[in-house]
Amino acid sequence: MAGENVLDRRVAAAAALTFLLLLAFAELVSRGLSATGVLDGRISFSGVLTSLPELEGRVRWGLRGQSPPVLLLGDSVLGASAMCERGQPGARRSTMPAALAGRRAPMRSRVVSLAADGLVPGDLEAISYVLEKTVSRSARPARVVLVVNVRMLASELDREGQRVSRDFLLPALPPASCAELVPSAALEGEAVGTRLYGGAASASALFRVSQQLRTLWYYPTPADARQRLVEAVFGKPPVGDVEEAALRMRVEGFYQELWREDAPAARTLRRLIPALRHADPRLLVVFSPQNPSFMAKGGPELAAANANLLRTIVGPGASGSFVDLSAAFGEELFLDHCHMTPEGNLRLAEEIDRRLGSHA
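Values in this document were obtained by computation on a predicted structure and should not be read as measured data.

Calculation notes
- Starting from 1, residues in each chain are numbered consecutively following that chain's sequence as written.
- In keeping with the model being predicted, local features are shown solely for residues with a pLDDT of at least 70 and side-chain atom pairs are shown and tallied solely at 80 or more, while totals for entire chains, interfaces and linings include all residues.
- Computation of side-chain values: all heavy atoms of the structure, hydrogens and water removed.
- Think of it this way: any DSSP run of H or I at least four residues long counts as a helix, any run of E at least two long counts as a strand, and we number them from the N terminus.
- The rule is simple: take the accessible area with a 1.4 Å probe, protein chains only, and divide by the maximum for that residue type; under 20% is buried, over 50% is exposed, in between is partly exposed.
- Methods summary: accessible areas were calculated by the Shrake-Rupley approach with a probe of 1.4 Å, and residue burial reflects only the protein chains presented.
- Here is the rule: rings of Phe, Tyr and Trp (six-membered ring for Trp) pair when centre to centre is within 6.5 Å. Planes less than 30 degrees apart are stacked, more than 60 are edge-to-face, and the remainder are tilted.
- Salt bridge, as used here, is a side-chain nitrogen of Lys or Arg placed within 4 Å of a carboxyl oxygen of Asp or Glu.

### Side note on the overall build of the protein chain
Line of reasoning, step 1. Of regular secondary structure, the protein chain possesses 15 helices and 5 strands.
Line of reasoning, step 2. Across the 360 residues of the protein chain, 48% fall into the buried class.
Line of reasoning, step 3. About 17,400 Å² of surface is accessible on the protein chain, with carbon and sulfur atoms providing 59% of the total.

Below, the structure is given as structure tokens:
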């Protein structure tokens, strides 16, 4: 009996040692992947953002290219989620960043998407400071494009708790901005979890890589992945008139609001524009295309007033620093109110590429 106990302990110790060695090997491999940017160069993570170190690494990867990179900030308009939800084949290869990367390839300019589904101005402010710091440290030029969607200035984001969507971005915000964007009670409640997640992402490349790679399946959410599995077995149910009407009602209000100059979202945009201009003095801000059937709800006067407010927020800057593409495309190029078809994404990439020009 004693011999069996000794043997069991040796087997357990050997198993534990093997596990630790495999864990250490996986960590070393992950560090190599992170340091070289292999994942960013081979896999499209547009529409996904999982940690601050990932964000910084993605920018550094872009800056290591032969020509100044194009750094894209925005929300789900730049991702593949809307196309995935509609079963579009090759959705990740049909995004606007992917189309722009194809057009910039002859210049050897890397296109880096810093966008993610549901990002709001508070998130973009945090990203702008990370971008400003990372680009400044590299001492290399970059082109920066901020794509602003109608939802980013909707009144629903004025409510506390709606002004930042990614807690892991909070450490990148200055204290004054953090106090305005996040209620103190919520900040205290999330502090421990945010610090633990941020600490794990900073200390372990394996943790960061695992968080990135899981999005290849759990995209845009785990519930969507489960739904796709069910549909693969039982087929995709048709979307009825009731579902279409519900989707439309949920977003139509965005297009019937007059944006306020003193709204929290507008104030946040005013803070982040200078940070982005430090990274790229020729910052390009794009008012993203919107489905004209939705834009018509508010009328041309409202649309013009909102576009003018956004133009004022951007300020004079460099020549052509603001471009209004909100009414540039027809209804046939949209999947819904703002997400575009592959052809629409290609057309949008052509418009942005033309305004960026061929020089750094």
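So much for the structure itself; the text now carries on.
### A word on the packing of aromatic side chains
Line of reasoning, step 1. Under the defined criterion, the tally for this structure stands at 2 aromatic pairs.
Line of reasoning, step 2. Here the aromatic rings of Trp-259 and Phe-287 are separated by 5.7 Å at their centres, their planes lie at 55 degrees, and the arrangement is tilted. Highlighted residues: Trp-259 in the loop between helix 11 (241–252) and helix 12 (264–279) and Phe-287 in strand 4 (residues 284–287), separated in sequence by 28 residues.
Line of reasoning, step 3. Here Trp-259 falls in the buried class, since its relative accessible area comes to 8%.

### Quick notes on the pattern of salt bridges
Line of reasoning, step 1. The final tally for this structure, using the stated rule, is 17 salt bridges.
Line of reasoning, step 2. Residue Glu-125 pairs with Arg-271 through a salt bridge whose shortest N-O separation is 2.9 Å. Of the two residues, Glu-125 is situated in helix 6 (residues 121–138) and Arg-271 in helix 12; the sequence distance between them amounts to 146 residues.
Line of reasoning, step 3. The partly exposed category is assigned to Arg-271, whose relative accessible area is 24%.
Line of reasoning, step 4. One salt bridge in this structure joins Glu-351 and Arg-355, with 2.5 Å as the shortest N-O distance.

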